[in-house]
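Report on the structure
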Amino acid sequence: MYNDHFLDKKIEERTALGLLRKLKLPDMNAVDFFSNDYLGIVKNHLIHQETSQYFAFGATGSRLLSGNYALMEQVEKIIAGFHETESALLFNSGYDANVGVLSSIPQKGDTILYDALSHASIREGVRLSFAKSFSFKHNDMQQLEDKLKTAKGNVFIVTESVFSMDGDVCPLQDLIHLSQKYGAHLIIDEAHATGIIGNKGEGLTQHLQVQNSVFARIHTFGKALGCQGAVVVGSNRLKKYLINFSRPLIYTTALPPILVQGIMKSYQLFPTMESARSLLRQHIQQFQQAKIPFQKLNSQTPIQGVVIPGYEQVITVAQHLQKNGMAVRPILYPTVPKGAERLRIVLHAFNTKEEIQKLLQLLNNMKAS
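Everything quoted here is computed from the prediction, not taken from an experiment. (Residues numbered from 1 in each chain as written. Predicted model: local features only at pLDDT ≥ 70, side-chain atom pairs only at ≥ 80, totals over all residues. Heavy atoms only, no water.)

Considerations on the overall build of the chain
For the chain, the helix and strand inventory stands at 14 helices and 13 strands. Taking 2.2 N^0.38 as the reference for a compact globule, 369 residues should give roughly 21 Å; the C-alpha atoms of the chain span a radius of gyration of 21 Å, in line with that estimate. Reported as C-alpha extents along the three principal axes, the dimensions of the chain are approximately 60 × 55 × 55 Å. Across the chain, the fraction of contacts at a sequence separation of at least 24, relative to all contacts at a separation of at least 6, is 71%. In the form shown here, the chain has an accessible surface area of approximately 18,200 Å², with 52% of it arising from carbon and sulfur atoms. When the 38 basic and 31 acidic side-chain charges of the chain are each reduced to a single mean position, those positions are 2 Å apart. (Helix = DSSP H or I, 4+ residues; strand = E, 2+ residues; numbered from the N terminus. Rg over C-alpha atoms; globule rule 2.2 N^0.38 Å. Contact = heavy atoms within 4.5 Å. Areas by Shrake-Rupley, 256 points an atom, 1.4 Å probe, with all protein chains shown as cover. Lys, Arg positive; Asp, Glu negative; His and termini not counted. Charge placed at Lys NZ, Arg CZ, Asp CG, Glu CD.)

A word on the pattern of salt bridges
All chains considered together, the criterion is met by seven salt bridges. The partner of E76 in a salt bridge is R63, with the nearest N and O atoms 2.5 Å apart. Placement of E76 in helix α3 (residues 70-82) and of R63 in the loop between α2 (48-51) and α3 is noted, with a sequence separation of 13 residues between them. Residue E76 is classed as buried on the basis of its relative accessible area, which comes to 2%. (Salt bridge = Lys/Arg side-chain N within 4 Å of Asp/Glu carboxyl O. Buried < 20%, exposed > 50% of the residue type's maximum accessible area, 1.4 Å probe, protein only.)

Describing unusual backbone geometry
Residue Y333 is joined to P334 through a cis peptide bond whose omega torsion reads 15°. Position of P334 relative to the elements: it lies in the loop between β12 (330-331) and β13 (342-346). One non-glycine residue, E84, lies in the positive phi region at around 55°. Position of E84 relative to the elements: it lies in the loop between α3 and β2 (87-91). Look at E84 and you get partly exposed, because its relative accessible area is 40%.

Honestly, that's just the spatial picture; any functional story needs more than this.
Have a look at this one:
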């Protein structure tokens, strides 16, 4: 019926390695230690019920055709003000935003230098660019500087403020120093910092008050903010450029009003959630100070990595946790390097100390191989 047997080769190769991905429905009765709903905005229905009955589900077209509307421009102004910058431009997802920026701005003869642990969307944007690109070792400023010395054309340094698999933070002050020393343009993906870092969840760049030294920032809404979409913040000139040359913006239907209204509600809500951020900090300290028989990555963010090398080993531990009511997922190659398989344990404001203690006890019941 379908002439698609040629797809089997790659599927069978991945199956043989034990790495075939499958969609799974979450166990709604398990304790959530795996979602990116850090502040509990989704779990506690803090914005969805207010918006669903009032706004349309369809935008009817791309923003350059029929998909632009007053609410969207209003929300962009609100976001630009919150992030202390000239302008903001909404995208349909963080993936689209990263691809849209990196595939359109660097040109032939330019150079992109990106952290080796950068998200897949950053790598995809880099791949689609006509610029030359080179990775540097994770947070290794000496190797970055060595590459800056030989970089040609307009140079772009790309990294994340909080890394999605390790939960650690980039050395932003050092990155700014190097970008200014070599005349490079710094692009920061704030996906996992938005809503979490800073007194109002404004992200690492503003928390350190260095936003005027960053060329472009990408804030996404599908994690702590409990929505969908993303925004690129920067200069008015940057926004004008992206409207004209960013294909993921130009050639896709715009976000519908119901989602944009949700984004606006979230920007009204999450800056006020300091008590939730305080609880998160307490949970992080509880987890970091505990002893477990596995390598625990040093992280002061909700993302806590427990490295258990080997496919079978990490799967075994994950299944042990799942059978005991803990929603924890293993992270396998190729998402992380071979030998760096791990549990990506995500802490939330709605988790309790008792739930975290039970998780730690279950981990202690397992012996590191």
